[in-house]
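# Remarks on the overall topology
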Amino acid sequence: MRERLVPHGVAAVVTAVVLAPLALPGYVLRYDMVFVPRPTLSWEAIAPVTALPRAVPQDAVVALLGQALPGWALQRLVLVAIVWFAALGAARLVPTDRTGVRVVAALGYAWTPYLAERLLIGQWGLLVAYAAFPWLVRAALQVRTGRPGAARRLLLAVAASAITPTGGVLALVAAGILVPGRYPRAGRSTALVLGSAVLLNTPWLVAGAVSTGTGRSDPAGVEAFAARAENWAGPLVSLAGTGGIWNAQATPASRASVLVPVATVLLLAVAGCGVPLLRRRWPGAFAVRLGVLAGGSWLAAAVGVLPGGAAALGWLVATVPGAGLVRDGQKLLLPYALALAVAGALGAERLADRAAARFDAVTGRVVLAAAVLLPVAVLPDLAFGAAGRLRPVQWPADWATVARLTAARPGPVISLPFQEYQRPAWNRDVVVIDPAPRYLAVPVLVDDTLWVGGRAVAGEDPRAARVRMLIADGRPLAAEDVRWVLVQHVPGPAPRASALAGLRIVHAGPDLTLYENPVWSPSPTATGPGPVGLAHLLAGAVMIGIGLSGTARRRRPVVASRHASPAEGEGG
């Protein structure tokens, strides 16, 4: 019982410490993280027409869940689940019968620069995949050892990961490396898992295929999004410690410490001590396969800063549709972070055993305690919402008013200032992606040009490029096929009077001004998502099939042999 309860207790404590500010009312709005009071399930959320499907099916899933839960509760549920299941999954995955070692793995995976930096940049969808990854690896191991229900559990982890394209790709690659092999019914299991995993990724795959954009990305983004040196040791060492995100504003201050590289080398040494134990305790070459996956993910993250890597990546993203997914290489570290946590926990166990054998049992326990505290000591400012940087705010009343007006007379919206990220004063001047597409129940056009350190990385949306030219030339936005123009009172280029010519003010508030185009009329275009909607239905059908298979398995009578071992039939 203690072995089961302690990991849950550790997960609860870590979650409470990391997300403490969320006990306050409101919404945490930071970079890519936007939750609204009542999201609307719209065709634009399901199938973006011109933009790349970076938030497919994430926005649709949030909108669907938002029909049952208010936005503030949904955000807290998601963030709590991320930290909790990351810690618990790593504790369950590490092959040991010692509770202390499981605690080391839990802290080693749930208290990392990777989680901190992706949380600070608001990429909670990617962190869902991060939390699901230990469960995916554990289920893949159980598939190979013939545990009942393992394939279903693996596919549930893939489904959670596929909420974003990056998570879906990482889960698919992981399944493709970990599941195939030589074991009973290997071919059938591999075909079932990989085939279903592809189907679970069809929403964003189909959305990208039918988008009116080319799918190719600006090669300037490769250098802009390359791993960044967080201290004197350079970007490769930052990546070795699971950090190195391109955005300095999403980096905890402690990462600049001169001691961080020393702690990183120490962590790598401890993990190296754990690799022999991992290979002995996992059957076959499973540890080797995980090592290949982890090493490959680290190399993929480092390509942008290796000699010749930036040029190769630049050619790739400019030539191959969808390859822009790998511009931000640091996010690909996910498998490496898990392997480092598991091997590090076993390395701590091995060192503790040596210390106990040479000195006494108390010394061994001290070594394990030091391994538990090392992640917290190296990254203390992950605590309390990244040292207070994850603080909830309230949505201004203007947003509810504009949402009501646009919903009453639906039509496309252009959001100004025409920039993808805004810095509202009501959000404590914290940068956040333009909230209009998620708050309003109508299609909203925003600029998809990204500015990184004063450098523009061109977007892929052809319609946004057309509107950008209209604004630059000072021509009236009424000439564009839009019903509404929303002006947010935030820092940024103010719209020229000529751009607003012919529009009438419908609402003027302290935070938002809404203009209506009186000559707009609906264009005779399709309103449904077409093949993208079918892809969502297909992925949903796979999910239902997974759920029904689990129900059927639980209802099936089990006849136990008198010679069966106690471990058989546990189904875990």
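Structure: see above.
To keep things clear, this report deals only with the structure shown in the data block. (Residues numbered from 1 in each chain as written. Predicted model: local features only at pLDDT ≥ 70, side-chain atom pairs only at ≥ 80, totals over all residues. Heavy atoms only, no water.)

## Points about the overall build of the chain
The secondary structure content of the chain amounts to 23 helices and nine strands. Its C-alpha atoms give the chain a radius of gyration of 25 Å, within 12% of the compact-globule value 25 Å for 572 residues. In terms of overall dimensions, the chain has C-alpha extents of about 80 × 55 × 50 Å along its principal axes. A burial count over the chain gives 53% of its 572 residues as buried. Sequence separation of at least 24 residues holds for 77% of the intrachain contacts in the chain that already meet a minimum separation of 6. Distance from the positive charge centre (51 side chains) to the negative charge centre (29 side chains) of the chain: 11 Å. (Helix = DSSP H or I, 4+ residues; strand = E, 2+ residues; numbered from the N terminus. Rg over C-alpha atoms; globule rule 2.2 N^0.38 Å. Buried < 20%, exposed > 50% of the residue type's maximum accessible area, 1.4 Å probe, protein only. Contact = heavy atoms within 4.5 Å. Lys, Arg positive; Asp, Glu negative; His and termini not counted. Charge placed at Lys NZ, Arg CZ, Asp CG, Glu CD.)

## With respect to helix α8 (residues 150-161)
Compared with an ideal rise of 1.5 Å per residue, which puts twelve residues at 16 Å, α8 spans 17 Å between its outermost C-alpha atoms and is within 8% of the ideal. Counting buried positions along α8 yields nine of twelve residues, so the element is predominantly enclosed. Regarding α8, the residues found buried are Ala150, Ala151, Arg152, Leu154, Leu155, Ala157, Val158, Ala159 and Ser161. (Expected span 1.5 Å × (residues − 1).)

## Digging into the packing of aromatic side chains
Aromatic ring pairs are described here by two measures, namely the spacing of the ring centres and the angle between the planes. According to the stated counting rule, one finds eleven aromatic pairs in the structure shown. Arranged with centres 6.1 Å apart and planes meeting at 65 degrees, the rings of phenylalanine 85 and tryptophan 135 form a pair that is edge-to-face. Pair noted here: phenylalanine 85 is in helix α4 (residues 71-93) and tryptophan 135 is in helix α7 (residues 124-144), with a separation of 50 residues, a long-range link. Relative to tryptophan 426, the ring of tryptophan 395 lies with its centre 5.2 Å away and its plane at 45 degrees, an arrangement referred to as tilted. (Phe/Tyr/Trp six-rings, centres within 6.5 Å; stacked < 30°, edge-to-face > 60°.)

## What about the nonpolar core?
Counting residues in hydrophobic clusters, the biggest one holds 145 residues, and the most contacted among them are Tyr109, Trp124, Leu154 and Leu440. Sort the elements by how many residues they give to this core and α7 lands first, with 15 residues. Filtering out sequence-adjacent residues up to four positions away, tyrosine 109 remains in contact with Ala86, Ala90, Tyr130, Phe133, Pro134, Leu334, Ala337, Leu338 and Ala341. The next biggest cluster of nonpolar side chains, apart from the first, holds 15 residues, and it includes Leu445, Val487, Ala499 and Tyr515. (Core = buried A, V, L, I, M, F, W, Y, C linked by side-chain atoms within 4.5 Å.)

## Comments concerning the pattern of salt bridges
Scanning the entire structure with this criterion turns up 13 salt bridges. Note that arginine 98 is salt-bridged to aspartate 353, the shortest N-O span being 2.4 Å. One end of the pair, arginine 98, is in the loop between α4 and α5 (99-110); the other, aspartate 353, is in helix α17 (residues 334-358), and 255 residues separate them in sequence. For arginine 98, a relative accessible area of 27% corresponds to the partly exposed category. Owing to a relative accessible area of 37%, aspartate 353 belongs among the partly exposed residues under this scheme. The shortest N-O distance in the salt bridge between glutamate 230 and arginine 255 comes to 2.7 Å. Taken together, the residues span a long stretch of sequence, with glutamate 230 in the loop between α12 (220-224) and α13 (235-240) and arginine 255 in the loop between α13 and α14 (260-281) at a distance of 25 residues. (Salt bridge = Lys/Arg side-chain N within 4 Å of Asp/Glu carboxyl O.)

## Section: the packing of α5 against helix α18 (residues 361-378)
At their nearest, the axes of α5 and α18 sit 8 Å apart, and the two run at 10 degrees to each other. When the axis of α5 is compared with that of α18, the two are roughly parallel. Contacts from Gly100, Val101, Val103, Val104, Leu107 and Gly108 in α5 reach Leu368, Ala371, Val372, Pro375 and Val376 in α18. A class-by-class count of the residues in the contact of α5 with α18 yields nine nonpolar, two polar and no charged. (Axes fitted to C-alpha atoms, helices over the stretch in contact; angles between N-to-C directions. Parallel < 35°, antiparallel > 145°, perpendicular 65-115°, else oblique. Nonpolar A, V, L, I, M, F, W, Y, C, P; charged D, E, K, R; others polar.)

Function cannot be read off these values alone, since they describe shape.
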